Amino acid sequence: MILGNVDVVTDITKEEFQKNYFKKHKPLLIKNFASRWEAFDKWNFDFIREKAGEQDVPLYDNKPADASKSSDAPVTHMKMKDYIDTIRNKPSDLRIFFYIITDRLPELLKNFSYPDLGMKFFKRLPTLFFGGSDAHVLMHYDVDLGDFLHIHFEGKKRILLFDQKQSAYLYKVPLSVHTIYEVDYENPDYEKFPALKYAQGYEIFMEHGDALFIPGGFWHFNRYLEPGFSMSLRALPNKPAVFANMLYHVFIMRYTDKLMRKLFKAKWVNYKQKWAYEKSSEALAKHNG
């Protein structure tokens, strides 16, 4: 992989952000972004453990979803306080995925403010994501194709970003928003996945309070280097062509895949993995040709 750095700022005006990043579909890291919030000192594990400790939360791990089950089925459940204690006290790959603040912990809504960056945030869905020090999220892009601001808290986190032009080099699985399960983006095997060597993207390291602008449709791989959690503030597509593509992703592609997975289970999953490898091999041959 060919990894570069994103631009880094400590502050930015709406005009600068719109001109240089949002309209250009270009990622940006804003250091210490959340430190300007009046309630910044509440964005930690202790506060969430105190307020939501008794809640039952679904948990996921690093393993790909079982082909015989729904792709969004959790591996287990815990109380929030037990989960936080677990990831704090020992290495763990357990994650909480898409914890909707509005539904689960509305008290947090008054502890942050939406930035004035010219993004029309979908305020129904501010969401939290948690992970232990061994946790990672498979390379994927979000099915709603929305732009979003990703704000991180507690431990350090590593993120890889790629735009859609790199899809073939990443071994994109057809009718899905993820890549081949076996690709290890921390220790890439270029003999097994030679096209990956030519994927051009960004490598970002996030710390407590940092915010990362991730343009819609960007591939991202998240690796928790230490126990931590992040909040995503989303802005849905507002361009007609992108909005139409979002509708296709959400209502046609996703449900077609769910149906085929239900009917054919592992055969369908394996077929798509093979199909992805063939398409990337074709892209590699074209690149080298």
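Our subject in this report is the structure included herewith. (Residues numbered from 1 in each chain as written. Predicted model: local features only at pLDDT ≥ 70, side-chain atom pairs only at ≥ 80, totals over all residues. Heavy atoms only, no water.)

**Details of helix α1 (residues 14-22)**
Taken as a whole, α1 has its buried residues at Phe17, Gln18, Tyr21 and Phe22. Taken around the axis of α1, the buried residues stretch over an arc of 115 degrees, which confines them to a single face. Every exposed residue of α1 that faces more than 90 degrees away from the buried side is listed here: Glu15 and Lys19. Looking at the buried side of α1, the elements it contacts are β2 (7-9), β3 (28-30), β9 (147-154) and β12 (211-214). (Buried < 20%, exposed > 50% of the residue type's maximum accessible area, 1.4 Å probe, protein only. Helix = DSSP H or I, 4+ residues; strand = E, 2+ residues; numbered from the N terminus. Arc of directions from axis to C-beta. Contact = heavy atoms within 4.5 Å.)

**Thoughts on the packing of aromatic side chains**
All chains considered together, the criterion is met by 25 aromatic pairs. A centroid spacing of 5.8 Å and a plane angle of 50 degrees characterise the contact between Trp37 and Phe112, whose relative ring orientation is tilted. Residue Trp37 is found in the loop between β3 and α2 (45-52), and its partner Phe112 is found in the loop between α4 (101-104) and β7 (127-131); the two are separated by 75 residues along the sequence. Of the two residues, Trp37 and Phe112, both sit in the buried class. With 6.0 Å between their ring centres and 75 degrees between their planes, Phe98 and Phe129 make a pair best called edge-to-face. Taken as a pair, Phe98 in strand β6 (residues 95-100) and Phe129 in strand β7 lie far apart in primary sequence, 31 residues in all. An aromatic cluster is built from Phe33, Trp37, Trp43, Phe45, Tyr83, Tyr99, Phe112, Tyr114, Phe121, Phe130, Phe153 and Phe229, whose rings are joined through pairwise contacts. Geometry around Tyr114 places Lys123 over its ring, the cationic atom sitting 4.9 Å from the centre. Note that Arg234 overlies the ring of Phe148, its terminal NZ or CZ placed 5.0 Å from the centroid. (Phe/Tyr/Trp six-rings, centres within 6.5 Å; stacked < 30°, edge-to-face > 60°. Lys NZ or Arg CZ within 6 Å of the ring centre and 35° of its normal.)

**Examining the sheet that holds β3**
Strand order in the open sheet formed by 7 strands is β2-β3-β12-β9-β14-β7-β6, with mixed pairing between adjacent strands. Looking at which strands have only one partner, the edges of the open sheet turn out to be β2 and β6. Adjacent strand axes in the sheet meet at a mean angle of 20 degrees, parallel and antiparallel pairs treated alike. Strand direction decides the pairing type here: β2 and β3, joined by 3 bridges, are parallel. If you follow Val9 over to β3, its bridge partner there is Ile30. On the sheet, α1 packs against β2, β3, β9 and β12 and is oriented at approximately 50 degrees with respect to β12. (Pairing = 2+ DSSP bridges. Axes fitted to C-alpha atoms, helices over the stretch in contact; angles between N-to-C directions.)

**Some points on the pattern of salt bridges**
Between side chains of opposite charge, a pair can form as their charged atoms come close. Inspection of the entire model under this criterion finds 19 salt bridges. Arg88 serves as the salt-bridge partner of Asp46, at 2.8 Å between the closest nitrogen and oxygen. Taken as a pair, Asp46 in helix α2 and Arg88 in helix α3 (residues 80-89) lie far apart in primary sequence, 42 residues in all. The class of Asp46 is partly exposed, set by a relative accessible area of 47%. Residue Arg88 is classed as partly exposed on the basis of its relative accessible area of 37%. Connected via shared salt-bridge partners are Lys31, Lys156, Glu207 and Asp210. (Salt bridge = Lys/Arg side-chain N within 4 Å of Asp/Glu carboxyl O.)

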